[in-house]
Amino acid sequence: MSQAINMAVENIQQDIELKKATSADLKLGLTYLILGISSILLLSLILGGPAQQIIDVPQLKENNATRLIVQLRAIQTDHTFLFLSVLGGAIAGIRYLWNNVSEFRSIWGVRQLDELLKARRSANFLAAWMPLFASGFSPDKSLNLIAKNNSGTNKLAVESIMEGVEQGVTIPQSLLAQYWSPSFIIGMKAFDAAHDEARHKLLVRIKGMLITEIFVTGKRFSKLALHVGMISAVFTVFLIAAGFYAPMLLSRGG
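For the structure given in this document, a descriptive report is provided here. (Residues numbered from 1 in each chain as written. Predicted model: local features only at pLDDT ≥ 70, side-chain atom pairs only at ≥ 80, totals over all residues. Heavy atoms only, no water.)

Along the protein, the regular secondary structure elements total eight helices and zero strands. Helices and strands in the protein line up, N terminus first, as α-α-α-α-α-α-α-α. Looking at the protein alone, contacts between residues at least 24 apart form 67% of all its contacts between residues at least 6 apart. When the accessible surface of the protein is totalled, it reaches about 14,800 Å², and 64% of it is carbon and sulfur. (Helix = DSSP H or I, 4+ residues; strand = E, 2+ residues; numbered from the N terminus. Contact = heavy atoms within 4.5 Å. Areas by Shrake-Rupley, 256 points an atom, 1.4 Å probe, with all protein chains shown as cover.)

Put into structure tokens, the structure is as follows:
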């Protein structure tokens, strides 16, 4: 019992430190991505009116970028309901694909986020299960306790293990690649054949490996999101330069 308590305290401390580190990467990556994409819509909303004036003045030479700025503004102002409907439909569609189409998670960009979430899910499950296992809880009781403290995809992942255990297979044999990190699945293959002391050492090694994987996948996703956000920001600058400033400069030069 004392071993289980010490293990639980260690896991809680590691979980707090892990959340601080990985949440920062995840939030930073999503911030880059959202700001980069939203900058296109926000600046087209601000400059759409002046861009329309450029089109209305015959002396100024508008171009495709100018017309694109005006169209983006019109979509947001004149067709607000349609714009919000399309935006909401896109979010709902992405959520459906994420939850129901496994091929969607293999797409570049989505795959990096999925790898991060699988590693975090695996580490969190292991941190919750190790003290229960050390305390002598049966697989079905420990899984029930863990499932009650999870929600969404994390709960579905634990329930998938519960289904396997109810059918007579072990926890390592019930790990599905759809929910769990490949490192976790491979590392747990030796669990069933090991004795108690070796099992404890194996779980500690797997937990350390998963923590390293979380840091690596978190940095990878943050870097990817940063690149996408920067590309969106550069596109925004190009759109403003080509569609707003270029017509006025070219007209003066002419």
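What follows is about the side chain of Gln 76. Looking at the secondary structure, you find Gln 76 in helix α2 (residues 64-77). Dropping the residues within four chain positions of it, Gln 76 is found in contact with Leu 41, Ser 44, Leu 45 and Phe 83.

Glancing now at the environment of Ser 183. Residue placement: Ser 183 occurs in helix α7 (residues 182-187). When the C-alpha positions of Ser 183 and Ile 206 are compared, they lie 7.8 Å apart, and in sequence the two are 23 residues distant. A polar side-chain atom of Ser 183 sits 3.2 Å from a polar atom in the side chain of Glu 213. (Polar contact = N/O pair within 3.5 Å; in protein donor to acceptor, adjacent residues only side chain to side chain.)

Applying the stated rule across the entire model yields seven aromatic pairs. Linked through ring pairs, Phe 125, Trp 129, Phe 133, Trp 180, Phe 184 and Phe 191 together constitute an aromatic cluster. Here Arg 199 stacks its cationic end above the ring of Phe 191, 4.6 Å away from the centre of that ring. (Phe/Tyr/Trp six-rings, centres within 6.5 Å; stacked < 30°, edge-to-face > 60°. Lys NZ or Arg CZ within 6 Å of the ring centre and 35° of its normal.)

For helix α5 (residues 139-148), the full list of buried residues reads Ser 142, Leu 143, Ile 146 and Ala 147. For α5, the angular spread of the buried residues around the axis is 135°, confining them to a single face. Along α5, the residues that are exposed and aim more than 90 degrees away from the buried face are Lys 141 and Lys 148. On its buried side, α5 packs onto α4 (110-134) and α6 (152-166). (Buried < 20%, exposed > 50% of the residue type's maximum accessible area, 1.4 Å probe, protein only. Arc of directions from axis to C-beta.)

Another point: the nonpolar core. Membership of the largest hydrophobic core comes to 30 residues, with the highest contact counts inside it found for Phe 125, Trp 129, Trp 180 and Phe 184. Of all elements in the fold, only α4, α5, α6, α7 and α8 (196-253) reach the threshold of two or more residues within this core. The greatest single-element share of this core, amounting to eight residues, is contributed by α4. Among the nonpolar cores identified, the runner-up in size contains 12 residues, and Leu 47, Leu 72, Ile 240 and Ala 242 belong to it. (Core = buried A, V, L, I, M, F, W, Y, C linked by side-chain atoms within 4.5 Å.)

The next point concerns a nonpolar patch on the surface. On the surface, a cluster of nonpolar side chains totalling about 270 Å² of accessible area is made up of Leu 42, Leu 45 and Ile 46. Tracing the chain through its elements places Ile 46 in helix α1 (residues 2-56). (Patch = residues over 30% accessible without salt bridge, like charges linked within 9 Å, V, L, I, M, F, W, Y side chains within 5 Å. Salt bridge = Lys/Arg side-chain N within 4 Å of Asp/Glu carboxyl O.)

With respect to the helices and strands, Thr 66 occurs in helix α2. The class of Thr 66 is buried, set by a relative accessible area of 0%. At 2.5 Å, the side chain of Thr 66 and the backbone oxygen of Gly 243 are in polar contact. Apart from the residues lying within four places of it in its own chain, the contact partners of Thr 66 are Ala 51, Ile 54, Ile 55, Ala 242, Gly 243 and Pro 247.

Turning next to the pattern of salt bridges. If charged atoms from side chains of opposite charge come close, those side chains can pair. Counting across every chain of the model gives six salt bridges. Within this structure, Arg 105, Asp 114 and Lys 118 form a network of salt bridges that share partners.

Remember, this is a structural readout, not a statement about activity or role.
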